[in-house]
Amino acid sequence: MTPENSIKVNYKKIVLLTFLYMLFLLLITIIMNTWPQIKQSLDGQVPPLDVWLNHSLKLSNVYLFVIAIAYIFYSLLIKEKQKVASALTDKDLNQ
């Protein structure tokens, strides 16, 4: 196979999508962990900032983030490699 016939995996796309998933997971986790403070602030009683930060990111959440991001990156990479493989086989069949 010559280099001009090869199709490469788009790693930039995979990294960008993984980053967007990470931001979404972070947002959801922070909202879920600070929901009592959010509810309290909607009633007009805003808790101090250190209370918000103590409840938003815990070590167990960091472990889950690392595992989730690794899984998301791996699954996106496998999908992209399958697309490349199918594109190459289609290209080889058409020649």
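This is a predicted model, so every value here is computed, not measured.

Draft legend 1. Broad picture of the pattern of salt bridges. Counted according to the given criterion, the structure contains one salt bridge. With a shortest N-O distance of 3.9 Å, K13 and E80 are connected by a salt bridge. With K13 in helix α1 (residues 11-33) and E80 in helix α4 (residues 59-94), the pair connects residues that are 67 residues apart, well separated along the chain.

Draft legend 2. Examining the confidence of the model for the protein chain more closely. Put simply, the protein chain has an average pLDDT of 83, and 85% of its residues get 70 or more. The secondary structure element of the protein chain with the lowest average pLDDT is helix α3 (residues 49-56), at 70, and the one with the highest is α1, at 90.

Draft legend 3. Expanded view of the nonpolar core. Listed in full, the seven residues of the largest apolar core are V9, I14, I72, L76, L77, V84 and L88. Broken down by element, the residue count for this core peaks at five residues, all from α4.

Draft legend 4. Representation of the environment of S86 within the structure. By secondary structure assignment, the location of S86 is in helix α4. Take S86: its relative accessible area is 36%, and that puts it in the partly exposed class. Polar side-chain contacts of S86 include one of 2.9 Å to the backbone oxygen of K83.

Draft legend 5. Broad picture of the side chain of E80. Classification of E80 as buried rests on a relative accessible area of 12%. What E80 contacts, discounting residues up to four positions off in sequence, is V9, N10, K13 and I14.

Draft legend 6. Here's a closer look at the packing of α1 against helix α2 (residues 35-42). At their nearest, the axes of α1 and α2 sit 4 Å apart, and the two run at 65 degrees to each other. Regarding the angle of α1 to α2, the classification is roughly perpendicular. Across the interface between the two elements, I31, M32 and N33 from α1 touch W35, P36, Q37 and I38 from α2. Counted by class, the contact of α1 with α2 contains five nonpolar, two polar and no charged residues.

Draft legend 7. Representation of a nonpolar patch on the surface. Taken together, the side chains of L16, L17, F19, L20, Y21 and L23 make up a nonpolar region of the molecular surface, amounting to roughly 550 Å² of accessible area. Note on placement: F19 falls in helix α1. Judged by relative accessible area, which is 43%, F19 ranks as partly exposed.

Draft legend 8. Structural detail: α1. Helix length check: α1, at 23 residues, gives a terminal C-alpha distance of 32 Å against a target of 33 Å (1.5 Å per residue), a fit within 8%. Turning to α1, its buried residues number three or more, namely I14, T18 and T29.

Analysis parameters
Residue numbers restart at each chain and count upward from 1, following the sequence in its written direction. Only residues with pLDDT of at least 70 are given local features in this predicted model, and only at 80 or more are side-chain atom pairs given and counted; all residues enter the totals for whole chains, interfaces and linings. Computation of side-chain values: all heavy atoms of the structure, hydrogens and water removed. What counts as a salt bridge is simple: a side-chain nitrogen of Lys or Arg found within 4 Å of a carboxyl oxygen of Asp or Glu. A run of H or I in DSSP counts as a helix once it spans at least four residues, and a run of E counts as a strand once it spans at least two, with each numbered from the N terminus. What pLDDT expresses is the predictor's confidence in each residue, scored from 0 to 100. Think of a nonpolar core as a cluster: buried Ala, Val, Leu, Ile, Met, Phe, Trp, Tyr and Cys residues, connected wherever their side-chain atoms sit within 4.5 Å. Relative accessibility decides the category of a residue: with a 1.4 Å probe and only protein chains considered, values under 20% of the type maximum give buried, values over 50% give exposed, and everything between is partly exposed. N or O atoms closer than or at 3.5 Å make up a polar contact, with two conditions inside protein: a donor-capable atom paired with an acceptor-capable one, and, for residues adjacent in sequence, both atoms drawn from side chains. We call two residues contacting when some pair of their heavy atoms lies within 4.5 Å. Angles shown run from 0 to 180 degrees and are taken between the N-to-C directions of axes, each axis being a line fitted to C-alpha atoms and, for helices, limited to the stretch in contact. Under this scheme an angle from 65 to 115 degrees is roughly perpendicular, one under 35 degrees roughly parallel, and one over 145 degrees roughly antiparallel; angles in between are oblique. The classification used treats Ala, Val, Leu, Ile, Met, Phe, Trp, Tyr, Cys and Pro as nonpolar, Asp, Glu, Lys and Arg as charged, and all other residues, Gly among them, as polar. Residues enter patches when they are more than 30% accessible in relative terms and free of salt bridges; like-charged ones are connected within 9 Å and nonpolar ones (Val, Leu, Ile, Met, Phe, Trp, Tyr) within 5 Å. Computed with the Shrake-Rupley method and a 1.4 Å probe, the accessible areas treat only the protein chains shown as cover for residues. Expected helix span is given by 1.5 Å per residue-to-residue step, counting one fewer step than there are residues.

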